[in-house]
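Residue-level listing of the chains:
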Amino acid sequence: MREDLKNILSNLNTDIDQETLLLYLQDKLSEEQKHEVEKKLANNEFADDAMEGLKEIKDKQQVAYMVEMLNRDLKKKTEKKKQRRQNLQLKDQSWLYMAIFIIVLLIIISYIIIHKMLKDQ
Amino acid sequence: MVSFPFVNTGKYDHIPDQQLLENFYSDHDNEWLGILLQRYTLLLLGVCMKYLKNEDEAKDCVQQIFLKVIQELHKYKVDYFKSWLYMVAKNHCLMKLRYKHGKIPAELESQPIAAPEETDKKELEQTDHVLDLMEDSIQELNPEQQQCVTLFYLQKKSYQQVSDMTGFSMLQVKSYIQNGKRNLKILIEKKLKNNIKQ
């Protein structure tokens, strides 16, 4: 009992994983597990605020689906930009190769023309 | 045990937030931010729900926060990601509320970003003396706070159990525990100061 007094002012490890939070929200944890989550919530303002809000969602079973949809959208956003940047890089490189090729070609043609002109004289 | 595979990010789970952020700062690949932000989707949804009280608006708000975070992190370096993200989310929701109520949207004053609550060595080294003070101080709390703090922290009851045993609502229980804890801290600090003076 005396050891438990330490929990009151302790800030040790207040992180709660999303899966545990979802199970807590859906009331699928034992009383002991609930107590552990609540002890962490009492020291974690972000998660505590979030839990307050999540409790207002009518269909608790939908929360995981909502999170999945948001994650998919986020993935699209972050991957699309990466893909676009890679495409741009490839495009940039193709223009570079094309430019080098044209310059080299022009130099060769100029050399041949000047060489021929000088020969004719 | 029910599992929610889509809630977790799988192979990156072992990488701490700070490392993901550093990876992003070194190659500016948004994919790192995607992995990092996915860890907080549920919390962001909850915070947005708390302020906006509407599921569709909350979902839109989370998406806007994602975009904002991605833009902002390209501009400057953030040291304490979780605290910073919480502040960004709260400010964004409050700004939306202001806008909704016909006022000019304005960024709230930037609040100092607190370092994550570190393990307080003093707390780890809680001496018998501090524990004695705590035992005495619990008796000085008002009866409701005393009852809820004792049931929750010492008898390890859940909020629901405390509520059933005391007849208080869940909200009241939570409030009594939070206020009781805060008052307890103040009482102990006061007593420790007095001890030093003596």
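Keep in mind that this is a model prediction, so the values were computed, not measured.

The rules behind these values
Residues numbered from 1 in each chain as written. Chains lettered and ligands numbered in written order. Predicted model: local features only at pLDDT ≥ 70, side-chain atom pairs only at ≥ 80, totals over all residues. Heavy atoms only, no water. Helix = DSSP H or I, 4+ residues; strand = E, 2+ residues; numbered from the N terminus. Buried < 20%, exposed > 50% of the residue type's maximum accessible area, 1.4 Å probe, protein only. Contact = heavy atoms within 4.5 Å. Areas by Shrake-Rupley, 256 points an atom, 1.4 Å probe, with all protein chains shown as cover. Salt bridge = Lys/Arg side-chain N within 4 Å of Asp/Glu carboxyl O. Patch = residues over 30% accessible without salt bridge, like charges linked within 9 Å, V, L, I, M, F, W, Y side chains within 5 Å.

A. Expanded view of the overall build of chain A. Looking only at helices and strands, chain A features five helices and zero strands. Put simply, chain A runs from its N terminus to its C terminus through helices and strands in the order α-α-α-α-α. Out of the 121 residues in chain A, the part that is buried amounts to 36%. In chain A, of all internal contacts separated by at least 6 residues, the share reaching a separation of at least 24 is 58%. Working note: accessible area of chain A is about 7900 Å², and carbon and sulfur atoms make up 58% of it.

B. Structural detail: the overall build of chain B. A count of helical and extended segments in chain B gives ten helices and zero strands. Of the regular secondary structure in chain B, the N- to C-terminal order runs α-α-α-α-α-α-α-α-α-α. Expressed as a percentage of the 198 residues in chain B, the buried residues total 45%. Pairs at least 24 residues apart make up 57% of the contacts formed inside chain B by residues separated by at least 6 positions. Carbon together with sulfur atoms contributes 52% to the accessible area of chain B, which is approximately 11000 Å² in total.

C. The environment of B:Phe66, seen in detail. Residues and elements named next belong to chain B. Relative to the elements of secondary structure, Phe 66 occurs in helix H4 (residues 55–75). Judged by relative accessible area, which is 0%, Phe 66 ranks as buried. Separated by 22 residues in the primary sequence, Phe 66 and Leu 44 place their C-alpha atoms 9.4 Å from one another.

D. Molecular detail of the pattern of salt bridges. This model, assessed by the stated rule, comprises 16 salt bridges over all chains. With a closest N to O distance of 3.1 Å, A:Glu31 and A:Lys34 form a salt bridge. One end of the pair, A:Glu31, and the other, A:Lys34, are both in helix H3 (residues 31–41), three residues apart, so they sit about a helical turn from each other. For B:Lys50, the salt bridge is made with A:Asp49, and the minimal N-O distance between the two is 2.6 Å. Remark: A:Asp49 occurs in helix H4 (residues 45–54) and B:Lys50 occurs in helix H3 (residues 41–52); the pair is interchain, linking two chains. A:Asp49 matches B:Lys50 in its accessibility class, with the two residues each being buried. Shared partners join several salt bridges into a network, and the residues in it are A:Asp48, A:Asp49, A:Glu52, B:Lys50 and B:Lys174.

E. Seen up close, a nonpolar patch on the surface. A contiguous nonpolar surface patch, about 950 Å² in accessible area, is contributed by A:Trp95, A:Met98, A:Phe101, A:Ile102, A:Leu105, A:Leu106, A:Ile109, A:Ile113 and A:Met117. With respect to the secondary-structure elements, A:Phe101 resides in helix H5 (residues 62–120).

F. Inspection of helix H2 (residues 18–25) of chain A at higher detail. Residues and elements named next belong to chain A. Among the eight residues that make up H2, seven are buried, leaving the element largely enclosed by the rest of the structure. Where H2 is concerned, the buried positions are Gln 18, Glu 19, Leu 21, Leu 22, Leu 23, Tyr 24 and Leu 25. After H2 finishes, the residue Asp 27 shows a positive phi value of roughly 60 degrees.

G. Unusual backbone geometry, seen in detail. Here the phi dihedral of A:Asp27 falls at roughly 60 degrees; this positive angle occurs in a residue that is not glycine. Mapped onto the secondary structure, A:Asp27 falls in the loop between H2 and H3. Of the residues examined, A:Asp27 reaches a relative accessible area of 54% and is grouped as exposed. Non-glycine residue B:Lys156 carries a positive phi angle of around 55 degrees. Mapped onto the secondary structure, B:Lys156 falls in the loop between helix H8 (143–154) and helix H9 (159–166).

These results come straight from atomic positions and should not be treated as a statement about function.
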